[in-house]
Amino acid sequence: MSDQRNFVILLGPPGAGKGTQATRASLRTGLLHVSTGDLFREHLRNGTELGNLAKSYMDKGELVPDDVTIRMLLERIDRDDASAGCLLDGFPRTREQAEALDEALTSRSGAVAATVLIDVSDEVVNNRLGARISCSSCGTVFHKHFNPPDDANPCCDNVDLVQRDDDQPEAIALRLQVYSDQTAPLIAYYGTAGKLRRVNGDQSPGEVEDDVYASLRELIE
Ligand code: AP5
């Protein structure tokens, strides 16, 4: 990669597989994986004021206000471990966030190098989120049918695999509506800028991983 800090955005509806693919792409590209959803959940586990504020929006499936989210994201990408750039998972989600990111990167020797849209239908989203479980300690994500944990050794010692509060049917429906109203317009935003790549998310995780990597290869080699 060049000296410029490269930021890659993984875009897609809830349950598209952004987190799953960001973890894999991070291993293959060396870029740091930054998820705003994970940052909010970390704040919540630590009992911070920001975590409690975010929870009130997340449980319902609504977006956390832009000013709070942008501040948290910029604070994260300013740390040393993000000096080469990041894979952004779940950010930006509104036009205001996208514009704030563009502006912030201009003064940080960085740029959005590419936005990868992981395309899936609402039906796939419902199947995936209805049976997602994750480790309450380290956050590793599983799926009861597509990616089940090992029964004998599920994840971290003595912790439960839990369902997220926002993976209930009502919250999933609202998250899909919020995606369509507020986040899907970013497809045109990055398309117009010539930065959009589309990947079919309705394939096996390994096939999606290969397509995501192929769409980023020119940036990495
Ligand atoms: P966030 O945590 O970002 O949730 P999300 O965008 O709704 O996405 P998910 O984490 O639900 O799904 P994913 O696409 O990562 O899929 P995953 O890989 O887990 O945000 C949560 C909340 O935080 C928001 O609602 C909002 O309140 C707040 N928030 C976050 N960012 C914000 C922002 N920028 N602005 C404002 N508010 C913000 O996969 C899903 C399941 O499918 C898993 O079980 C997985 O194992 C399985 N799976 C994955 N890929 C495949 C495959 N190819 N085949 C079969 N199964 C698969």
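Let us look at the structure shown here. (Residues numbered from 1 in each chain as written. Predicted model: local features only at pLDDT ≥ 70, side-chain atom pairs only at ≥ 80, totals over all residues. Heavy atoms only, no water.)

### A closer look at the overall build of the chain
Then, number 1: Across its full length, the chain carries nine helices and eight strands.
Then, number 2: In terms of overall size, the chain behaves like a compact globule, its C-alpha atoms giving a radius of gyration of 17 Å where 221 residues would be expected to give roughly 17 Å.
Then, number 3: By principal-axis analysis of the C-alpha atoms, the chain measures approximately 45 × 40 × 35 Å.
Then, number 4: A total of 221 residues make up the chain; the buried ones form 46% of that total.
Then, number 5: By sequence separation, contacts in the chain at least 24 residues apart represent 71% of the contacts at least 6 residues apart.
Then, number 6: Working note: accessible area of the chain is about 11200 Å², and carbon and sulfur atoms make up 46% of it.
Then, number 7: Across the chain, the 23 positively charged side chains and the 36 negatively charged ones have centroids separated by 1 Å. (Helix = DSSP H or I, 4+ residues; strand = E, 2+ residues; numbered from the N terminus. Rg over C-alpha atoms; globule rule 2.2 N^0.38 Å. Buried < 20%, exposed > 50% of the residue type's maximum accessible area, 1.4 Å probe, protein only. Contact = heavy atoms within 4.5 Å. Areas by Shrake-Rupley, 256 points an atom, 1.4 Å probe, with all protein chains shown as cover. Lys, Arg positive; Asp, Glu negative; His and termini not counted. Charge placed at Lys NZ, Arg CZ, Asp CG, Glu CD.)

### Remarks on the nonpolar core
Then, number 1: With 31 residues, the main nonpolar core has Leu73, Ile77, Leu88 and Leu101 as its most contacted residues.
Then, number 2: Residue assignment for this core shows that the elements contributing at least two residues are strand E1 (5–11), helix H2 (36–45), helix H3 (49–58), helix H4 (66–77), strand E3 (85–89), helix H5 (95–106), strand E4 (110–119) and helix H8 (185–192).
Then, number 3: A total of six residues in this core trace back to one element, the largest contributor, which is H4.
Then, number 4: In this structure Ile77 touches Arg5, Phe7, Ala82, Cys86, Leu88, Leu105 and Arg108, once residues within four positions along its chain are discounted.
Then, number 5: Judged by nonpolar contacts, the second largest core, of 14 residues, contains Ala22, Leu31, Val116 and Val199. (Core = buried A, V, L, I, M, F, W, Y, C linked by side-chain atoms within 4.5 Å.)

### As for unusual backbone geometry
Then, number 1: A cis amide bond, omega 0°, links Phe91 with the succeeding residue Pro92.
Then, number 2: Summarising the element assignment, Pro92 is placed in the loop between E3 and H5.
Then, number 3: Residues other than glycine seldom take positive phi values, yet Ser109 does so here, at roughly 55°.
Then, number 4: If you trace the backbone, Ser109 turns up in the loop between H5 and E4.
Then, number 5: The exposed category is assigned to Ser109, whose relative accessible area is 55%.

### Digging into the pairing of E4
Then, number 1: Of all 10 residues making up E4, eight are buried, and the element is well covered by its neighbours.
Then, number 2: With seven bridges connecting them, E1 and E4 associate as parallel partners. Looking at E4, one finds that Leu10 is bridged to Val116.
Then, number 3: Of the strand pairs in this sheet, E4 and strand E8 (residues 196–200) are connected by five bridges, and their pairing is parallel. By the bridge assignment for E8, Val116 is matched with Arg197. (Pairing = 2+ DSSP bridges.)

### A short note on the environment of Leu73
Then, number 1: In this fold, Leu73 is placed in helix H4.
Then, number 2: A C-alpha to C-alpha distance of 9.8 Å links Leu73 and Gln97, two positions 24 residues apart in sequence.
Then, number 3: Every residue in contact with Leu73, bar those within four places of it in the chain, is listed here: Val34, Thr36, Leu88, Phe91 and Leu101.

### Some thoughts on empty space enclosed by the protein
Then, number 1: In total, this model carries one cavity of 30 Å³ or more according to the counting rule given.
Then, number 2: Reported here for the largest cavity is a volume of approximately 40 Å³.
Then, number 3: Forming the boundary of the largest cavity are Gln21, Arg24, Ala25, Arg28, Thr29, Glu209, Val212, Tyr213 and Leu216.
Then, number 4: With five residues, the top contributor of residues to the lining of the largest cavity is helix H1 (residues 18–29). (1 Å grid on protein atoms, 1.4 Å probe; cavity = no way out; pocket = protein on both sides within 12 Å on 5 of 7 lines; lining within 4 Å. Points joined across faces, edges and corners; volume = space filled by probe spheres on them.)

### Side note on the site of the ligand
Then, number 1: Residues in close proximity to the ligand total 35 residues, the closest being Thr20, Glu62, Arg93, Arg132 and Arg175.
Then, number 2: Within the backbone of Gln203, a nitrogen or oxygen atom sits 2.9 Å from a nitrogen atom of the ligand.
Then, number 3: Here the ligand, which alone exposes 1000 Å², has 96% of that area covered by the protein.
Then, number 4: If you tally residues by element for the shell around the ligand, the top one is H2, at four residues.
Then, number 5: Its residues placed into classes, the shell around the ligand shows 13 nonpolar, 13 polar and nine charged. (Near = heavy atom within 4 Å. Polar contact = N/O pair within 3.5 Å; in protein donor to acceptor, adjacent residues only side chain to side chain. Nonpolar A, V, L, I, M, F, W, Y, C, P; charged D, E, K, R; others polar.)

### Some remarks on the side chain of Arg132
Then, number 1: Residue placement: Arg132 occurs in strand E5 (residues 132–135).
Then, number 2: Residues in contact with Arg132, not counting those within four places in the same chain, are Val141, Phe142, His143, Val162, Gln163, Arg164, Asp167 and Arg175.

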